Amino acid sequence: YSSKDLRGIELITSYVFNQVENIRFNSTVGKFVGYTEVGLKNAEAWNKGSVLAQELGELERYCKPHAAIEYSAVLDKTGEQG
C-alpha cells in the first residue's frame, strides 16, 4: 500500500523451498498460484479447501490493523528528531 487508505493493500505470501518459489498467494488475484509441479497440485487443493478462506481472512485480521499501526508509527513521524 502507498497511502493511509488501506483499500489498495494486498497480501502476498510465497512458499519457497531450496530457493524455488513453489506457490504464491496474492490477495488481489484471490487464490493460490503454483509455479512448479508440486506447487500446481498444492495450489489446486488449497484453492478448493478451507486454506483459501483462511488466507483471505489474514488480510483483514492481520495486515490492515498492523499496516495502520506501522503507517502511524513510521510515516506520520518522518522529519521528527528524537
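Our structure's up above, just so we're on the same page.
Quick summary incoming for the structure in this document. Remember, predicted model here, so these are calculated numbers, not experimental data. (Residues numbered from 1 in each chain as written. Predicted model: local features only at pLDDT ≥ 70, side-chain atom pairs only at ≥ 80, totals over all residues. Heavy atoms only, no water.)

1. Description of the pattern of salt bridges
Then, number 1: A complete count under the given rule lists 5 salt bridges for this structure.
Then, number 2: Taking the shortest distance from any N to any O, the salt bridge between R61 and E58 comes out at 2.8 Å. Of this pair, R61 and E58 both sit in helix α2 (residues 50-74), separated by 3 residues, roughly a single helical turn.
Then, number 3: On the accessibility criterion, E58 (22% relative accessible area) is partly exposed. (Salt bridge = Lys/Arg side-chain N within 4 Å of Asp/Glu carboxyl O. Helix = DSSP H or I, 4+ residues; strand = E, 2+ residues; numbered from the N terminus. Buried < 20%, exposed > 50% of the residue type's maximum accessible area, 1.4 Å probe, protein only.)

2. Concerning the environment of E10
Then, number 1: By secondary structure assignment, the location of E10 is in the segment before β1 (12-17).
Then, number 2: Considered as a pair, E10 and V29 are 19 residues apart in the sequence and their alpha carbons are 9.4 Å apart.
Then, number 3: Setting aside its immediate chain neighbours within four residues, E10 contacts N26, S27, T28 and L59.
Then, number 4: A distance of 2.7 Å separates a polar atom in the side chain of E10 from a polar atom in the side chain of T28. (Contact = heavy atoms within 4.5 Å. Polar contact = N/O pair within 3.5 Å; in protein donor to acceptor, adjacent residues only side chain to side chain.)

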